[in-house]
Amino acid sequence: MKVKSMWMAAMMAALATGAAAAPATDGAAPGEWTMDLGAAKALAAETDRPLLLNFTGSDWCGWCRMMERQVFSQEAWQTYAKDHLILVWIDFPRDKSLVPEAFVERNAQLMKEFEVGGFPTYFLLDPDGQTRLGQAGASREATPQSFIATLEDLLLASDKSVAALKAAMTDA
């Protein structure tokens, strides 16, 4: 019990010092992590923004925590995400209270569907919520700019972008 109390105190201190807030469990907003995949897909379709799925072990995965610290908690990332992405948090924590029961089975199914072999794993989906545009992982040298560049490369290689480029070339 004492260890759990100390862990909770550390989490509260991290939140007080500016670490990311817990992801939403109901609804979605651009640039904010949510566990509500249905709401995120609806918002992605409505706003024509891609979805970024973050398969994480939020309370135990060192690489996940490093990406939070080096990328996701930074202003440059937050600004980009708010303007360009719908963010979905798919968590596999050791502390089971961090994920509502309603999402536990769904998360396991998504992990199997996407064949996630390690954490963190990021999938970029088209605004249709189905088409996979690509996959990314963590890097020791990751910055908001480098991770954004990775996502932008995935977007540029998408069928939609290639079709738009072909159309622009034939119109010229």
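Each remark here, short or long, concerns the structure printed above.
Quick notes on the rules
Residues numbered from 1 in each chain as written. Predicted model: local features only at pLDDT ≥ 70, side-chain atom pairs only at ≥ 80, totals over all residues. Heavy atoms only, no water. Helix = DSSP H or I, 4+ residues; strand = E, 2+ residues; numbered from the N terminus. Buried < 20%, exposed > 50% of the residue type's maximum accessible area, 1.4 Å probe, protein only. Contact = heavy atoms within 4.5 Å. Areas by Shrake-Rupley, 256 points an atom, 1.4 Å probe, with all protein chains shown as cover. Pairing = 2+ DSSP bridges. Salt bridge = Lys/Arg side-chain N within 4 Å of Asp/Glu carboxyl O.

Caption draft 1: Structural context of the overall build of the protein. When helices and strands are tallied, the protein shows seven helices and five strands. Listing every helix and strand of the protein by position from the N terminus yields α-β-α-β-α-α-β-α-β-β-α-α. With 172 residues in all, the protein has 39% of them scored as buried. In the protein, the proportion of contacts linking residues at least 24 apart, taken out of those at least 6 apart, comes to 67%. Carbon together with sulfur atoms contributes 57% to the accessible area of the protein, which is approximately 9,900 Å² in total.

Caption draft 2: Quick look at the pairing of strand 2 (residues 51-56). Most of strand 2 sits out of view: six of its six residues are buried. Two strands pair when backbone bridges link them, and strand 2 and strand 3 (residues 86-91) are joined in this way by six bridges, in the parallel orientation. Across the sheet, the residue bridging to Phe55 is Ile90, located in strand 3. Relative to strand 4 (residues 121-125), strand 2 runs antiparallel, the two being bridged by five bridges.

Caption draft 3: Inspection of the pattern of salt bridges at higher detail. Per the counting criterion, the structure on display carries two salt bridges. Between Lys160 and Asp48 there is a salt bridge whose closest N-O contact spans 3.6 Å. Remark: Asp48 occurs in the loop between helix 2 (37-47) and strand 2 and Lys160 occurs in helix 7 (residues 159-171); sequence separation between them is 112 residues. Lys160 gets classed as partly exposed once you look at its relative accessible area, which sits at 45%. Within the structure, one salt-bridge network assembled from shared partners comprises Asp48, Asp126 and Lys160.

Function cannot be read off these values alone, since they describe shape.
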